[in-house]
Amino acid sequence: MKIIGLTGGIASGKSTVSNYLKELGAFIVDVDNIAREIVEPGKPAWLEIKNEFGQDFIRNDQNIDRKKLGKLIFSSNLAREKLNNITHPEIILKTQELIEELKHQKLYPLIVIDAPLLIEVGMTELVEEVWLVVVEYQEQIKRLMIRDNISLEEAIKKVHTQMKTKEKMKYASLIINNNNCIQNTLNQVKEIWDKIV
Ligand SMILES: CC(C)(COP(=O)(O)OP(=O)(O)OC[C@H]1O[C@@H](n2cnc3c(N)ncnc32)[C@H](O)[C@@H]1O)[C@@H](O)C(=O)NCCC(=O)NCCS
Ligand SMILES: Nc1ncnc2c1ncn2[C@@H]1O[C@H](COP(=O)(O)OP(=O)(O)OP(=O)(O)O)[C@@H](O)[C@H]1O
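Residues numbered from 1 in each chain as written. Chains lettered and ligands numbered in written order. Predicted model: local features only at pLDDT ≥ 70, side-chain atom pairs only at ≥ 80, totals over all residues.

As annotated in an unreviewed UniProt entry, the protein carries the name Dephospho-CoA kinase and comes from Desulfonispora thiosulfatigenes DSM 11270. For the protein, the Subcellular location (unreviewed entry) comment in UniProt is given as "Cytoplasm". Quoted verbatim from the Pathway (unreviewed entry) heading of the UniProt record, the comment on the protein is "Cofactor biosynthesis; coenzyme A biosynthesis; CoA from (R)-pantothenate: step 5/5." (UniProt positions renumbered as here; feature names shortened; annotations may be inferred.)

Put into structure tokens, the structure is as follows:
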């Protein structure tokens, strides 16, 4: 059984790759999902966010106003740092616990930790290898604008809060090129899968 970290910038194609790996038989740990779970109403991180950012960021149904908080943290380094300090330690801990559990179960040939900030938060320590999904900057911006229905300015802001692809490459033992059509990317993934199982 192998435990790998799958990372890449926002809208680089991680979900496209991990969905296919799941189809092939891998177990996927979606770290964005873990990040959503830990801020559910009433949980400690939710309370910290409410105290730090104020009631304005809590919707009537008590959920965090993710759109509003996203707008703030993608335009303010200080706010982003504050949110990261609240959420990242718990995200790392929860991911670590899940990995330990899966290691004992030994049910899957491949465990994939799908995490956009895998390298930034030091989660590389938890995995045996880092796989990086790459896409050209212009294409990334274009896909992000379409997927999230946001402006060019907003897309640029989001991309620029994350580590540059060139820097991420230093940590990667495998690079998946997602510049071409989806089928081309899936073919690369299948080739990798066939080598490890
Ligand atoms: C800012 C929040 C509320 C925006 O929520 P929203 O539902 O709009 O986006 P979602 O959570 O689906 O994230 C979308 C993408 O944004 C990027 N992103 C999210 N948080 C961050 C961050 N702190 N720094 C840089 N990029 C980030 C990632 O590429 C992620 O895939 C939310 O992303 C959040 O709580 N972020 C802090 C937790 C975190 O760092 N998550 C990433 C897991 S490693
Ligand atoms: N090769 C491709 N050609 C065209 N569109 C693509 C390709 N790969 C992915 N996309 C599209 O680009 C968008 C981003 O892909 P995906 O959601 O897989 O990225 P991600 O890295 O998981 O994003 P995030 O971390 O921001 O959630 C999606 O709308 C997806 O359908």
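On we go.
### Points about the packing of helix α6 (residues 137-148) against helix α7 (residues 152-160)
At their nearest, the axes of α6 and α7 sit 9 Å apart, and the two run at 120 degrees to each other. Here α6 is positioned oblique relative to α7, judged by the angle of their axes. Here α6 runs over α7; the crossing is right-handed. Contact residues: α6 offers Q140, I141, L144 and M145, while α7 offers L152, A155, I156, K158 and V159. In the contact of α6 with α7, the residues fall into seven nonpolar, one polar and one charged. (Axes fitted to C-alpha atoms, helices over the stretch in contact; angles between N-to-C directions. Helix = DSSP H or I, 4+ residues; strand = E, 2+ residues; numbered from the N terminus. Parallel < 35°, antiparallel > 145°, perpendicular 65-115°, else oblique. Left-handed = near helix turned anticlockwise from the far one by under 90°. Contact = placed C-beta atoms within 7 Å. Nonpolar A, V, L, I, M, F, W, Y, C, P; charged D, E, K, R; others polar.)

### Topic: the site of ligand 1
Looking at ligand 1, there are 19 residues lining it, with I10, R66, G70, P116 and L117 nearest. The biggest single contributor to the shell around ligand 1 is helix α5 (residues 77-105), with five residues. Split into classes, the residues belonging to the shell around ligand 1 amount to eleven nonpolar, five polar and three charged. (Near = placed C-beta within 6 Å.)

### Here we look at the packing of helix α3 (residues 44-53) against α5
Between α3 and α5, the shortest axis-to-axis distance is 10 Å and the interhelical angle comes to 175 degrees. In terms of their interaxial angle, α3 and α5 are classed as roughly antiparallel. Touching A45, E48, I49 and E52 of α3 are K82, I86, T87 and E90, all from α5.

### Some thoughts on the UniProt feature "binding site: ATP" (unreviewed entry) in the protein
UniProt records the feature "binding site: ATP" (unreviewed entry) for A11, S12, G13, K14, S15 and T16 in the present numbering. Here A11 shows up in the loop between β1 (2-7) and α1 (14-24). Residue classification places A11 among the buried residues on the basis of 25 C-beta atoms within 10 Å. The residues contacting A11, other than those within four sequence positions of it, are Q140, R143, L144 and R147. (Buried ≥ 20, exposed ≤ 12 C-beta atoms within 10 Å, placed from the backbone.)

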